[in-house]
There are 2 protein chains.
Amino acid sequence: MSETRKGMLLVISGPSGTGKGTIIAELMKADKSLVFSVSATTRQPRPGEVDGVHYHFMTVEKYNELVAQDAFVEHAQVHGNYYGTLRSEVYSRLEKGENVVLDIDVQGALNVIASEKEKVSIFILPPSLKVLRERLTGRGTETPEAIERRMNNAVWELSQKDHYEYKVINDDLDACVRTVQAIIEAEKHSAAYYSVDVPQE
Amino acid sequence: MSETRKGMLLVISGPSGTGKGTIIAELMKADKSLVFSVSATTRQPRPGEVDGVHYHFMTVEKYNELVAQDAFVEHAQVHGNYYGTLRSEVYSRLEKGENVVLDIDVQGALNVIASEKEKVSIFILPPSLKVLRERLTGRGTETPEAIERRMNNAVWELSQKDHYEYKVINDDLDACVRTVQAIIEAEKHSAAYYSVDVPQE
(Lines give C-alpha, C1' and ligand atoms only; values in the text may rest on other atoms or scores of the structure.)
Protein backbone atom coordinates (compact mmCIF):
# COMPACT_ATOMS: atom_id res chain seq x y z
CA MET A 1 0.00 0.00 0.00
CA SER A 2 1.25 3.46 -0.84
CA GLU A 3 1.11 5.93 2.01
CA THR A 4 2.73 9.34 2.21
CA ARG A 5 2.63 11.90 4.98
CA LYS A 6 3.45 15.55 4.65
CA GLY A 7 5.20 17.25 7.50
CA MET A 8 2.92 18.83 10.06
CA LEU A 9 3.50 22.26 11.61
CA LEU A 10 2.52 21.84 15.26
CA VAL A 11 2.02 25.08 17.20
CA ILE A 12 2.00 24.53 20.97
CA SER A 13 1.29 27.66 22.91
CA GLY A 14 -0.20 29.13 26.09
CA PRO A 15 0.79 31.46 28.92
CA SER A 16 4.23 31.22 30.58
CA GLY A 17 4.12 28.64 33.35
CA THR A 18 1.53 26.31 31.79
CA GLY A 19 4.21 23.65 31.28
CA LYS A 20 4.57 23.77 27.47
CA GLY A 21 8.29 22.98 27.63
CA THR A 22 7.82 19.90 29.82
CA ILE A 23 4.95 18.65 27.66
CA ILE A 24 7.01 19.07 24.48
CA ALA A 25 9.99 17.25 26.02
CA GLU A 26 7.71 14.29 26.86
CA LEU A 27 6.19 14.28 23.36
CA MET A 28 9.58 14.28 21.67
CA LYS A 29 10.90 11.45 23.82
CA ALA A 30 8.03 9.21 22.65
CA ASP A 31 7.62 10.25 18.99
CA LYS A 32 10.70 10.37 16.78
CA SER A 33 8.71 11.93 13.91
CA LEU A 34 8.76 15.23 15.83
CA VAL A 35 11.53 17.81 15.44
CA PHE A 36 11.79 20.93 17.57
CA SER A 37 12.04 24.37 16.01
CA VAL A 38 14.58 26.28 18.10
CA SER A 39 13.31 29.85 18.52
CA ALA A 40 15.48 32.93 18.45
CA THR A 41 15.37 35.20 21.51
CA THR A 42 17.10 38.25 22.92
CA ARG A 43 16.31 37.27 26.51
CA GLN A 44 18.95 35.94 28.92
CA PRO A 45 19.28 32.13 29.23
CA ARG A 46 17.69 30.58 32.36
CA PRO A 47 19.83 28.13 34.33
CA GLY A 48 20.20 24.92 32.31
CA GLU A 49 19.22 26.46 28.98
CA VAL A 50 21.67 25.71 26.16
CA ASP A 51 22.23 27.95 23.13
CA GLY A 52 21.09 26.21 19.93
CA VAL A 53 19.13 23.60 21.89
CA HIS A 54 16.52 25.51 23.90
CA TYR A 55 16.88 28.83 22.04
CA HIS A 56 19.17 30.62 19.65
CA PHE A 57 20.22 33.33 22.12
CA MET A 58 21.22 36.55 20.37
CA THR A 59 21.73 40.27 20.77
CA VAL A 60 19.06 42.80 19.79
CA GLU A 61 21.39 43.91 16.96
CA LYS A 62 21.60 40.39 15.48
CA TYR A 63 17.84 39.94 15.91
CA ASN A 64 17.11 43.21 14.06
CA GLU A 65 19.45 42.13 11.28
CA LEU A 66 17.47 38.88 10.87
CA VAL A 67 14.16 40.82 10.88
CA ALA A 68 15.55 43.05 8.10
CA GLN A 69 16.51 39.91 6.13
CA ASP A 70 12.92 38.53 6.47
CA ALA A 71 14.42 35.47 8.17
CA PHE A 72 11.45 34.91 10.52
CA VAL A 73 8.15 33.06 10.03
CA GLU A 74 6.85 35.19 12.93
CA HIS A 75 8.42 37.44 15.50
CA ALA A 76 7.03 39.31 18.49
CA GLN A 77 8.02 41.23 21.59
CA VAL A 78 6.91 39.47 24.80
CA HIS A 79 7.59 40.57 28.38
CA GLY A 80 10.09 43.13 27.07
CA ASN A 81 12.20 40.63 25.09
CA TYR A 82 12.15 39.69 21.40
CA TYR A 83 11.32 36.21 20.13
CA GLY A 84 11.10 34.76 16.64
CA THR A 85 10.67 31.55 14.64
CA LEU A 86 13.36 31.21 11.96
CA ARG A 87 12.29 30.11 8.47
CA SER A 88 15.39 27.91 8.38
CA GLU A 89 13.99 25.91 11.31
CA VAL A 90 10.65 25.19 9.62
CA TYR A 91 10.09 24.93 5.88
CA SER A 92 12.90 22.65 4.68
CA ARG A 93 12.01 20.17 7.43
CA LEU A 94 8.30 20.17 6.59
CA GLU A 95 9.23 19.40 2.98
CA LYS A 96 11.26 16.42 4.19
CA GLY A 97 8.08 15.11 5.90
CA GLU A 98 9.22 15.93 9.43
CA ASN A 99 6.69 17.17 11.97
CA VAL A 100 7.97 20.52 13.24
CA VAL A 101 7.05 21.56 16.79
CA LEU A 102 6.88 25.27 17.62
CA ASP A 103 6.89 26.25 21.30
CA ILE A 104 5.81 29.85 20.97
CA ASP A 105 4.07 32.58 22.91
CA VAL A 106 0.48 33.50 22.14
CA GLN A 107 1.27 36.58 20.00
CA GLY A 108 3.66 34.58 17.82
CA ALA A 109 1.20 31.69 17.61
CA LEU A 110 -1.62 33.98 16.47
CA ASN A 111 0.67 35.24 13.70
CA VAL A 112 1.42 31.67 12.58
CA ILE A 113 -2.28 30.70 12.78
CA ALA A 114 -3.17 33.68 10.59
CA SER A 115 -0.39 33.21 8.04
CA GLU A 116 0.08 29.44 7.67
CA LYS A 117 -2.70 27.60 5.86
CA GLU A 118 -1.80 24.16 7.15
CA LYS A 119 -0.93 23.89 10.83
CA VAL A 120 -2.17 22.22 14.00
CA SER A 121 -2.60 24.67 16.88
CA ILE A 122 -2.88 23.58 20.52
CA PHE A 123 -3.46 25.93 23.45
CA ILE A 124 -2.27 24.64 26.83
CA LEU A 125 -4.29 26.04 29.75
CA PRO A 126 -3.44 26.09 33.45
CA PRO A 127 -6.19 24.67 35.69
CA SER A 128 -6.46 28.07 37.44
CA LEU A 129 -4.68 31.43 37.70
CA LYS A 130 -3.68 30.48 41.26
CA VAL A 131 -1.83 27.38 39.98
CA LEU A 132 -0.22 29.46 37.21
CA ARG A 133 1.13 31.93 39.78
CA GLU A 134 2.47 29.07 41.94
CA ARG A 135 4.28 27.56 38.95
CA LEU A 136 5.86 30.88 37.95
CA THR A 137 6.93 31.52 41.56
CA GLY A 138 8.26 27.95 41.89
CA ARG A 139 10.69 28.43 39.00
CA GLY A 140 12.68 30.74 41.25
CA THR A 141 14.11 32.47 38.19
CA GLU A 142 11.73 35.43 37.95
CA THR A 143 11.62 38.65 39.94
CA PRO A 144 8.29 39.53 41.62
CA GLU A 145 7.85 42.25 38.96
CA ALA A 146 8.43 39.75 36.15
CA ILE A 147 5.86 37.41 37.72
CA GLU A 148 3.29 40.23 37.89
CA ARG A 149 3.98 41.08 34.25
CA ARG A 150 3.53 37.44 33.21
CA MET A 151 0.30 37.12 35.24
CA ASN A 152 -1.16 40.26 33.67
CA ASN A 153 -0.22 39.03 30.23
CA ALA A 154 -1.73 35.59 30.97
CA VAL A 155 -5.21 37.09 31.32
CA TRP A 156 -4.97 38.51 27.79
CA GLU A 157 -3.36 35.32 26.46
CA LEU A 158 -6.13 33.13 27.90
CA SER A 159 -8.72 35.31 26.16
CA GLN A 160 -7.17 34.21 22.82
CA LYS A 161 -7.67 30.47 23.38
CA ASP A 162 -10.53 30.04 20.92
CA HIS A 163 -8.31 31.03 17.98
CA TYR A 164 -6.63 27.64 18.39
CA GLU A 165 -7.94 24.38 17.00
CA TYR A 166 -7.44 22.46 20.24
CA LYS A 167 -7.49 23.31 23.96
CA VAL A 168 -5.94 21.09 26.62
CA ILE A 169 -5.82 21.77 30.37
CA ASN A 170 -2.50 20.87 32.02
CA ASP A 171 -3.88 19.75 35.37
CA ASP A 172 -2.23 16.32 35.38
CA LEU A 173 0.95 16.22 33.23
CA ASP A 174 0.57 12.58 32.10
CA ALA A 175 -3.07 13.05 31.08
CA CYS A 176 -2.21 16.28 29.28
CA VAL A 177 0.63 14.61 27.34
CA ARG A 178 -1.64 11.68 26.39
CA THR A 179 -4.24 14.08 25.02
CA VAL A 180 -1.67 16.01 22.97
CA GLN A 181 -0.36 12.66 21.67
CA ALA A 182 -3.92 11.73 20.64
CA ILE A 183 -4.19 15.05 18.77
CA ILE A 184 -0.92 14.34 16.92
CA GLU A 185 -2.01 10.75 16.12
CA ALA A 186 -5.36 12.06 14.84
CA GLU A 187 -3.72 14.73 12.70
CA LYS A 188 -1.35 12.17 11.19
CA HIS A 189 -4.55 10.68 9.71
CA SER A 190 -6.00 14.02 8.64
CA ALA A 191 -6.65 14.41 4.93
CA ALA A 192 -4.50 17.57 5.01
CA TYR A 193 -1.34 15.58 5.77
CA TYR A 194 -1.98 12.03 4.71
CA SER A 195 -2.26 10.46 1.26
CA VAL A 196 -3.01 6.80 0.78
CA ASP A 197 -3.83 4.53 -2.15
CA VAL A 198 -5.57 1.19 -1.88
CA PRO A 199 -3.87 -1.32 -4.21
CA GLN A 200 -5.45 -4.35 -5.91
CA GLU A 201 -3.25 -6.84 -4.06
CA MET B 1 -12.93 25.10 36.41
CA SER B 2 -15.90 25.32 34.07
CA GLU B 3 -15.84 22.96 31.14
CA THR B 4 -18.65 22.18 28.72
CA ARG B 5 -18.69 19.89 25.72
CA LYS B 6 -21.16 19.95 22.89
CA GLY B 7 -22.25 16.68 21.35
CA MET B 8 -20.16 15.56 18.39
CA LEU B 9 -21.61 14.08 15.21
CA LEU B 10 -19.20 11.30 14.26
CA VAL B 11 -19.54 9.96 10.72
CA ILE B 12 -17.78 6.64 10.22
CA SER B 13 -17.92 5.40 6.67
CA GLY B 14 -16.15 3.37 4.00
CA PRO B 15 -16.89 0.53 1.58
CA SER B 16 -18.82 -2.57 2.71
CA GLY B 17 -16.45 -5.08 4.23
CA THR B 18 -13.93 -2.61 5.69
CA GLY B 19 -15.05 -3.54 9.20
CA LYS B 20 -16.87 -0.34 10.21
CA GLY B 21 -19.38 -2.28 12.32
CA THR B 22 -16.71 -4.12 14.31
CA ILE B 23 -14.70 -0.92 14.85
CA ILE B 24 -17.79 0.93 16.10
CA ALA B 25 -18.70 -1.92 18.47
CA GLU B 26 -15.18 -1.72 19.98
CA LEU B 27 -15.36 2.09 20.29
CA MET B 28 -18.72 1.97 22.05
CA LYS B 29 -17.58 -0.69 24.51
CA ALA B 30 -14.74 1.60 25.68
CA ASP B 31 -16.34 5.07 25.53
CA LYS B 32 -19.69 5.58 27.21
CA SER B 33 -20.01 9.11 25.78
CA LEU B 34 -20.83 7.54 22.38
CA VAL B 35 -24.37 6.70 21.30
CA PHE B 36 -25.19 4.87 18.11
CA SER B 37 -27.60 6.28 15.55
CA VAL B 38 -29.66 3.33 14.31
CA SER B 39 -30.15 3.72 10.55
CA ALA B 40 -33.34 2.88 8.68
CA THR B 41 -33.08 0.36 5.84
CA THR B 42 -35.29 -1.55 3.46
CA ARG B 43 -32.78 -4.41 3.08
CA GLN B 44 -33.28 -7.82 4.69
CA PRO B 45 -31.65 -8.41 8.12
CA ARG B 46 -28.45 -10.49 8.05
CA PRO B 47 -28.20 -13.38 10.56
CA GLY B 48 -27.80 -11.89 14.05
CA GLU B 49 -29.06 -8.43 13.16
CA VAL B 50 -31.77 -7.16 15.50
CA ASP B 51 -34.46 -4.64 14.50
CA GLY B 52 -34.04 -1.38 16.43
CA VAL B 53 -30.49 -2.30 17.46
CA HIS B 54 -28.50 -2.72 14.24
CA TYR B 55 -31.09 -1.12 11.92
CA HIS B 56 -34.67 -0.01 11.85
CA PHE B 57 -35.78 -2.55 9.24
CA MET B 58 -38.78 -1.36 7.24
CA THR B 59 -40.75 -1.77 4.02
CA VAL B 60 -40.22 0.45 1.01
CA GLU B 61 -43.71 1.91 1.67
CA LYS B 62 -42.83 2.93 5.24
CA TYR B 63 -39.48 4.34 4.06
CA ASN B 64 -41.16 6.44 1.36
CA GLU B 65 -43.63 7.73 3.95
CA LEU B 66 -40.71 8.90 6.15
CA VAL B 67 -38.98 10.53 3.14
CA ALA B 68 -42.23 12.41 2.41
CA GLN B 69 -42.32 13.55 6.09
CA ASP B 70 -38.71 14.89 5.81
CA ALA B 71 -37.78 12.56 8.66
CA PHE B 72 -34.24 11.87 7.38
CA VAL B 73 -30.96 13.76 7.87
CA GLU B 74 -29.76 11.93 4.73
CA HIS B 75 -31.03 9.02 2.68
CA ALA B 76 -29.58 7.14 -0.27
CA GLN B 77 -30.04 4.03 -2.37
CA VAL B 78 -27.07 1.66 -2.08
CA HIS B 79 -26.69 -1.76 -3.73
CA GLY B 80 -30.37 -1.69 -4.66
CA ASN B 81 -31.67 -1.03 -1.11
CA TYR B 82 -32.67 2.17 0.64
CA TYR B 83 -30.90 3.52 3.73
CA GLY B 84 -31.44 6.64 5.82
CA THR B 85 -30.40 8.46 9.00
CA LEU B 86 -33.45 9.52 11.03
CA ARG B 87 -33.48 13.04 12.48
CA SER B 88 -34.95 11.56 15.66
CA GLU B 89 -31.73 9.55 16.15
CA VAL B 90 -29.43 12.58 15.92
CA TYR B 91 -30.35 16.13 16.87
CA SER B 92 -31.97 15.75 20.30
CA ARG B 93 -29.02 13.63 21.42
CA LEU B 94 -26.42 16.13 20.20
CA GLU B 95 -28.25 18.82 22.17
CA LYS B 96 -27.96 16.67 25.31
CA GLY B 97 -24.16 16.62 24.76
CA GLU B 98 -24.05 13.01 23.59
CA ASN B 99 -21.61 12.02 20.84
CA VAL B 100 -23.68 10.46 18.07
CA VAL B 101 -22.03 7.81 15.88
CA LEU B 102 -23.31 7.32 12.32
CA ASP B 103 -22.32 4.12 10.52
CA ILE B 104 -23.26 5.09 6.99
CA ASP B 105 -22.39 4.33 3.40
CA VAL B 106 -20.28 6.75 1.38
CA GLN B 107 -23.19 8.39 -0.49
CA GLY B 108 -25.00 9.10 2.78
CA ALA B 109 -21.80 10.32 4.43
CA LEU B 110 -21.08 12.75 1.59
CA ASN B 111 -24.60 14.16 2.08
CA VAL B 112 -23.96 14.63 5.83
CA ILE B 113 -20.50 16.15 5.19
CA ALA B 114 -22.05 18.64 2.76
CA SER B 115 -25.05 19.55 4.91
CA GLU B 116 -23.81 19.49 8.53
CA LYS B 117 -21.47 22.30 9.53
CA GLU B 118 -20.05 20.57 12.59
CA LYS B 119 -19.19 16.92 12.22
CA VAL B 120 -16.18 14.64 12.41
CA SER B 121 -15.83 12.41 9.35
CA ILE B 122 -13.66 9.29 9.26
CA PHE B 123 -13.12 7.09 6.21
CA ILE B 124 -12.11 3.49 6.94
CA LEU B 125 -10.03 1.92 4.17
CA PRO B 126 -9.26 -1.75 3.50
CA PRO B 127 -5.52 -2.49 3.11
CA SER B 128 -6.19 -3.74 -0.45
CA LEU B 129 -9.05 -4.65 -2.79
CA LYS B 130 -7.99 -8.29 -2.47
CA VAL B 131 -8.52 -8.18 1.31
CA LEU B 132 -11.86 -6.41 0.82
CA ARG B 133 -13.06 -9.19 -1.51
CA GLU B 134 -11.93 -11.85 0.98
CA ARG B 135 -13.84 -10.15 3.79
CA LEU B 136 -17.03 -9.85 1.73
CA THR B 137 -16.73 -13.50 0.65
CA GLY B 138 -15.97 -14.58 4.23
CA ARG B 139 -19.27 -13.16 5.48
CA GLY B 140 -21.02 -15.99 3.64
CA THR B 141 -24.18 -13.88 3.47
CA GLU B 142 -23.79 -12.42 -0.01
CA THR B 143 -24.41 -13.96 -3.42
CA PRO B 144 -21.50 -13.82 -5.92
CA GLU B 145 -23.49 -11.15 -7.82
CA ALA B 146 -23.89 -9.06 -4.65
CA ILE B 147 -20.13 -9.34 -3.96
CA GLU B 148 -19.34 -8.13 -7.51
CA ARG B 149 -21.75 -5.23 -7.06
CA ARG B 150 -20.10 -4.27 -3.75
CA MET B 151 -16.60 -4.54 -5.25
CA ASN B 152 -17.53 -2.34 -8.20
CA ASN B 153 -19.07 0.20 -5.86
CA ALA B 154 -15.99 0.09 -3.59
CA VAL B 155 -13.79 1.50 -6.35
CA TRP B 156 -16.03 4.56 -6.62
CA GLU B 157 -16.36 4.83 -2.82
CA LEU B 158 -12.56 4.76 -2.34
CA SER B 159 -12.24 7.63 -4.84
CA GLN B 160 -14.27 9.78 -2.40
CA LYS B 161 -11.92 9.33 0.58
CA ASP B 162 -10.43 12.84 0.46
CA HIS B 163 -13.82 14.40 1.20
CA TYR B 164 -13.42 13.10 4.75
CA GLU B 165 -11.40 14.79 7.49
CA TYR B 166 -9.62 11.59 8.54
CA LYS B 167 -8.53 8.39 6.80
CA VAL B 168 -7.66 5.22 8.69
CA ILE B 169 -6.57 1.88 7.17
CA ASN B 170 -8.11 -1.17 8.85
CA ASP B 171 -5.18 -3.53 8.43
CA ASP B 172 -4.90 -4.46 12.11
CA LEU B 173 -8.20 -4.06 14.00
CA ASP B 174 -6.66 -3.05 17.37
CA ALA B 175 -4.39 -0.43 15.79
CA CYS B 176 -7.29 0.92 13.72
CA VAL B 177 -9.53 1.20 16.81
CA ARG B 178 -6.76 2.96 18.76
CA THR B 179 -6.36 5.51 15.96
CA VAL B 180 -10.10 6.19 15.80
CA GLN B 181 -10.09 6.57 19.60
CA ALA B 182 -7.26 9.11 19.29
CA ILE B 183 -9.33 11.05 16.73
CA ILE B 184 -12.31 11.10 19.12
CA GLU B 185 -10.10 12.16 22.06
CA ALA B 186 -8.56 14.91 19.92
CA GLU B 187 -11.95 16.15 18.75
CA LYS B 188 -13.22 16.27 22.35
CA HIS B 189 -10.57 19.00 22.76
CA SER B 190 -11.41 20.77 19.51
CA ALA B 191 -12.54 24.38 19.85
CA ALA B 192 -15.68 23.44 17.89
CA TYR B 193 -16.96 21.21 20.70
CA TYR B 194 -15.19 22.28 23.87
CA SER B 195 -15.58 25.39 26.02
CA VAL B 196 -13.45 25.99 29.09
CA ASP B 197 -12.89 28.86 31.49
CA VAL B 198 -9.84 29.28 33.69
CA PRO B 199 -10.92 30.43 37.16
CA GLN B 200 -8.93 32.53 39.64
CA GLU B 201 -8.73 29.76 42.24
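Residues numbered from 1 in each chain as written. Chains lettered and ligands numbered in written order. Predicted model: local features only at pLDDT ≥ 70, side-chain atom pairs only at ≥ 80, totals over all residues. Heavy atoms only, no water.

A. Representation of the overall build of chain A within the structure. The helix and strand tally for chain A stands at seven helices and 11 strands. A globule of 201 residues ought to have a C-alpha radius of gyration of about 17 Å, and chain A, at 17 Å, matches this closely. Considered along the principal axes of its C-alpha atoms, chain A spans approximately 65 × 40 × 30 Å. Going through the 201 residues of chain A one by one, you find that 53% of them count as buried. Within chain A, residue pairs in contact and separated by at least 24 positions form 69% of the contacts whose partners lie at least 6 positions apart. When the accessible surface of chain A is totalled, it reaches about 9,200 Å², and 49% of it is carbon and sulfur. (Helix = DSSP H or I, 4+ residues; strand = E, 2+ residues; numbered from the N terminus. Rg over C-alpha atoms; globule rule 2.2 N^0.38 Å. Buried < 20%, exposed > 50% of the residue type's maximum accessible area, 1.4 Å probe, protein only. Contact = heavy atoms within 4.5 Å. Areas by Shrake-Rupley, 256 points an atom, 1.4 Å probe, with all protein chains shown as cover.)

B. Spatial organisation of helix H3 (residues 87–95) of chain B. Residues and elements named next belong to chain B. The complete set of buried residues in H3 reads Glu89, Val90 and Leu94. Taken end-on, H3 shows its buried residues confined to a sector of 85°, consistent with a single buried face. Away from the buried face of H3 by more than 90 degrees, exposed residues Ser88 and Glu95 are located. Against strand S2 (9–13), strand S3 (34–37), strand S5 (55–57), strand S6 (72–78), strand S7 (81–86) and strand S8 (99–103) lie the buried residues of H3. In the segment just after H3, Gly97 is the residue with positive phi, at about 90°. (Arc of directions from axis to C-beta.)

C. Looking closely at the sheet that holds S7(B). Residue and element names in this part refer to chain B. Here four strands make up an open sheet; going across it, the order is S5-S4-S7-S6 and the pairing mixed. Single-partner strands in this sheet number two, and they are S5 and S6. Adjacent strand axes in the sheet meet at a mean angle of 25°, parallel and antiparallel pairs treated alike. In this structure, strand S4 (residues 39–41) lies alongside S5, joined through three bridges in parallel fashion. (Pairing = 2+ DSSP bridges. Axes fitted to C-alpha atoms, helices over the stretch in contact; angles between N-to-C directions.)

D. Representation of the interface of chain A and chain B within the structure. Taken together, the 35 residues of chain A in the interface contact 35 residues of chain B. Here chain A and chain B share an interface that buries about 2,800 Å² over both sides, 64% of which is from carbon and sulfur atoms. The tally of links from chain A across to chain B stands at zero salt bridges. Where chain A meets chain B, there are 16 residue pairs in polar contact (both at pLDDT 80 or more). Among the elements of the structure, helix H5 (129–139), strand S10 (166–169), helix H7 (173–188) and strand S11 (194–197) of chain A are those that each provide at least two residues to the side of chain A that touches chain B. For the side of chain A that touches chain B, the leading source of residues is H7(A), giving six residues. (Buried area = accessible area lost by both parts, 1.4 Å probe. Salt bridge = Lys/Arg side-chain N within 4 Å of Asp/Glu carboxyl O. Polar contact = N/O pair within 3.5 Å; in protein donor to acceptor, adjacent residues only side chain to side chain.)

E. Broad picture of the relation of the copies chain A and chain B. Of the transformation superimposing chain A on chain B, the axial component is 0.0 Å and the angular component is 180°, with the fit at an RMSD of 0.0 Å. Taken together, the turn and the small shift mark the pair as related by a two-fold rotation axis. Minimal C-alpha separation from the rotation axis in chain A is found for Ala182(A), amounting to 2.2 Å. (Least-squares fit on C-alpha atoms with pLDDT ≥ 70 in both.)

F. Representation of the packing of aromatic side chains in the model. Residues and elements named next belong to chain A. Counting across every chain of the model gives 10 aromatic pairs over all chains. For the ring pair Tyr55 and Phe57, a centre distance of 5.7 Å and an interplane angle of 50° mean the geometry is tilted. Taken as a pair, Tyr55 and Phe57 share a single burial class, namely buried. Members of the aromatic cluster, connected to one another through ring pairs, are Tyr55, Phe57 and Tyr83. (Phe/Tyr/Trp six-rings, centres within 6.5 Å; stacked < 30°, edge-to-face > 60°.)

G. Seen up close, the side chain of His189(A). Locating His189(A) in the fold gives a position in the loop between H7 and S11. Judged by its relative accessible area of 9%, His189(A) falls in the buried class. When sequence neighbours within four positions are dropped, the list of residues in contact with His189(A) reads Arg5(A), Tyr194(A), Glu165(B), Tyr166(B), Lys167(B), Val168(B) and Thr179(B).

H. Expanded view of the sheet that holds strand S9 (residues 120–125) of chain A. Residue and element names in this part refer to chain A. The sheet built from five strands is open, its strands ordered S3-S8-S2-S9-S10 with parallel pairing. With one partner strand each, in any of the chains shown, strand S3 (34–37) and S10 form the two edges of the open sheet. Averaged over all pairs of adjacent strands, the angle between their axes in this sheet comes to 25°, without regard to strand direction. The sheet contact formed by strand S2 (residues 9–13) and strand S8 (residues 99–103) spans four bridges and is parallel. The partner of Ile12 across the bridge, within S8, is Asp103.

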